[in-house]
Amino acid sequence: MEVVSDTFEDLPPPVHVAIIMDGNGRWAKARGLPRVAGHKRGAEAVRTAVESCKSIGIKYLTLYAFSSENWKRPATEVDDLMGLLRHYLSREIKQLDKSGVCLRCIGEREGLAKDIIRLIEDAEEKTRHNTELTLQIAVNYGGQNEILNACRSIAREVADGKLSVDGIDDDTFTSHLHTAGVPDPDLLIRTSGEKRLSNFLLWQSAYAELVFVDTLWPDFSKDELIRVIDEFHSRDRRYGNSSG
Ligand code: IPE
Ligand code: IPE
Ligand code: MG
């Protein structure tokens, strides 16, 4: 087996990693299993990813768990996904809290079941003082909708005379996003070979390094994360500047 180091020869790990966890359905299909089996294994891969990020020293991890477009899926699959979310929020929170993880959910609460909203609020409250790793789970999340809602809320403040049009700057805008207070992702990973953002962190990913891997999400391991971070370290982040 290939030996991979997680020291990165003294290079700092990315501060914020965002992941589009894709390929659960294909993982199950390849084994002749129902899609829900892929989602269950996907939830296990979430545990691995959280632990790996913590041990590598990543400070923010954002996971795309359910998009605002995923409601289009058959009701049984949506129920399975919501059931797994319920399970994760109720069973994992103690362990997450013990290991210093601060959990927050981004996305629209409206549309989620009341008990799930309650579980999210409890988990956020219980873990809010933790500082080892901030784990953002994107549930019922859509980047375009997030931007639209930020515009609406800024427009309301202008209409109420609380803000001037010229006072709308980058900071004002980002403070109205679900990710307020969290630095933009440095590295955005999508598993399963698809090469699109599917409405994920559209504003925040302006300068993220994008890495697409063929591995299906349930198979995404710590070794692979380390390889992706090696790839990230080989990139020249120019932010519009000339190449050096
Ligand atoms: C990702 O796996 C999980 C969610 C989108 C909720 P998919 O369910 O999209 O798996 P594929 O893309 O069908 O393989
Ligand atoms: C994106 O995956 C959403 C999540 C991973 C939660 P999808 O599988 O829903 O994306 P598309 O439909 O292939 O773009
Ligand atoms: Mg998919």
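Scroll up to find the structure this text is about.
As a starting point, this report considers the structure included with it. What you are looking at is a predicted structure, and each value in this text was computed from that prediction instead of being measured. (Residues numbered from 1 in each chain as written. Chains lettered and ligands numbered in written order. Predicted model: local features only at pLDDT ≥ 70, side-chain atom pairs only at ≥ 80, totals over all residues. Heavy atoms only, no water.)

**Digging into the pattern of salt bridges**
Piece 1. Summed over all chains, the structure comprises 18 salt bridges.
Piece 2. As a salt-bridge pair, Asp115 and Arg86 come within 2.6 Å of each other at their nearest N and O atoms. In this pair, Asp115 sits in helix H5 (residues 114-127) while Arg86 sits in helix H3 (residues 75-91), placing the two residues 29 residues apart along the sequence.
Piece 3. For Asp115, a relative accessible area of 37% corresponds to the partly exposed category. (Salt bridge = Lys/Arg side-chain N within 4 Å of Asp/Glu carboxyl O. Helix = DSSP H or I, 4+ residues; strand = E, 2+ residues; numbered from the N terminus. Buried < 20%, exposed > 50% of the residue type's maximum accessible area, 1.4 Å probe, protein only.)

**Re the site of ligand 1**
Piece 1. Near ligand 1 there are 13 residues, and of these Asp22, Gly25, Arg26, Arg35 and Arg73 occur at the shortest range.
Piece 2. One of the backbone N or O atoms of Gly23 is found 3.3 Å from an oxygen atom in ligand 1.
Piece 3. Arg35 places a side-chain nitrogen or oxygen 2.8 Å from an oxygen atom of ligand 1.
Piece 4. Of all the secondary structure elements, the ones that give two or more residues to the shell around ligand 1 are helix H1 (24-30), helix H2 (35-56) and H3.
Piece 5. Considering every element that reaches the shell around ligand 1, the biggest residue donor is H1, with 3 residues.
Piece 6. Considering only residue class, the shell around ligand 1 consists of 3 nonpolar, 5 polar and 5 charged. (Near = heavy atom within 4 Å. Polar contact = N/O pair within 3.5 Å; in protein donor to acceptor, adjacent residues only side chain to side chain. Nonpolar A, V, L, I, M, F, W, Y, C, P; charged D, E, K, R; others polar.)

**Quick notes on the sheet that holds strand E3 (residues 101-106)**
Piece 1. Taking strand neighbours across the sheet as the criterion, the 6 strands line up as E3-E4-E2-E1-E5-E6 in an open arrangement whose pairing is parallel. Of all the strands in the sheet, just E3 and strand E6 (209-212) have a single pairing partner and so form its edges. Across this sheet, the average inter-strand angle for adjacent strands is 20 degrees, counted without regard to direction. (Pairing = 2+ DSSP bridges. Axes fitted to C-alpha atoms, helices over the stretch in contact; angles between N-to-C directions.)

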